[in-house]
Amino acid sequence: MLEINGKEYEPKFNIQFADRLIHDYAVKNSKGQETLDGFSHFINQLIDNEPEAITNAYRYALDVPDKELPSLKDVAKGLEKAGIYKQEDIFSELFKKIKDNGFLALKLKAFLKSRQNIVDVSKKALNGITDKEQKQSAMIDLKSAEAGLSQIQKQLKQLEK
């Protein structure tokens, strides 16, 4: 249980949590168009050990109607009071909660598959390019995608410890 503004809340890392993340935590460009879904944004923050991931995760996991979600600032105060931020393996603990829910584990697999698909598509595109300059540029993009995927996989292994 988590106490926020004198009320007790139970965080639940479930489909409601994922739905809130997907819609409310998406990254949008200046035109309001979504450039990254909220779940992917959250996972990126989690693997980068960004403190915002913790606060937002617990906020979106609160088992209340959307209109009753406490502010991010109030959730942060509740987490501070509960000592959550002081936990030694806070990011690994949160990652475990995500993996323990079947739906969220599937979302995580989809996230990884999408990153692998970027690498695969880059490889296929590279094979079809004949222009030397374009091929060189595509090779740089491929190396970048491979490095990004490798980094994500490495960081996820760290979270699993």
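Residues numbered from 1 in each chain as written. Predicted model: local features only at pLDDT ≥ 70, side-chain atom pairs only at ≥ 80, totals over all residues. Heavy atoms only, no water.

1. Some details on the packing of helix H2 (residues 38-47) against helix H6 (residues 102-127)
- Put simply, H2 and H6 touch, their axes get as near as 11 Å, and they point 85° apart. It follows that H2 is roughly perpendicular to H6 by the angle criterion. Contact residues: Phe39, Ser40, Ile43 and Asn44 in H2; Leu104, Lys107, Leu108, Phe111 and Arg115 in H6.
- Within the contact of H2 with H6, the residues separate by chemical class into five nonpolar, two polar and two charged. (Axes fitted to C-alpha atoms, helices over the stretch in contact; angles between N-to-C directions. Helix = DSSP H or I, 4+ residues; strand = E, 2+ residues; numbered from the N terminus. Parallel < 35°, antiparallel > 145°, perpendicular 65-115°, else oblique. Contact = heavy atoms within 4.5 Å. Nonpolar A, V, L, I, M, F, W, Y, C, P; charged D, E, K, R; others polar.)

2. Brief notes about the pattern of salt bridges
- If you walk through the whole model with that rule in mind, you get seven salt bridges.
- Asp63 serves as the salt-bridge partner of Lys12, at 3.1 Å between the closest nitrogen and oxygen. One end of the pair, Lys12, is in the loop between strand S2 (7-9) and helix H1 (15-24); the other, Asp63, is in the loop between helix H3 (51-61) and helix H4 (72-82), with 51 residues separating them in the sequence.
- Across the pair Lys99 and Glu160 runs a salt bridge, and its minimum N-O distance is 2.8 Å. Residue Lys99 is found in helix H5 (residues 90-100), and its partner Glu160 is found in the segment after helix H7 (132-159); the two are separated by 61 residues along the sequence.
- The class for Lys99 is partly exposed, based on a relative accessible area of 37%. (Salt bridge = Lys/Arg side-chain N within 4 Å of Asp/Glu carboxyl O. Buried < 20%, exposed > 50% of the residue type's maximum accessible area, 1.4 Å probe, protein only.)

3. Remarks on the side chain of Arg115
- Note on placement: Arg115 falls in helix H6.
- No salt bridge is formed by the buried Arg115, whose closest oppositely charged neighbour, Asp37, lies at an N-O distance of 6.1 Å.
- Every residue in contact with Arg115, bar those within four places of it in the chain, is listed here: Leu36, Ser40, Asn44, Leu149 and Ile152. (Lys, Arg positive; Asp, Glu negative; His and termini not counted.)

4. What about the confidence of the model for the protein?
- Predicted confidence across the protein gives a mean pLDDT of 90, with 100% of residues reaching 70 or more.
- Element-level mean pLDDT values for the protein span from 84 in strand S4 (residues 34-36) up to 96 in H4. (pLDDT = per-residue confidence, 0-100.)

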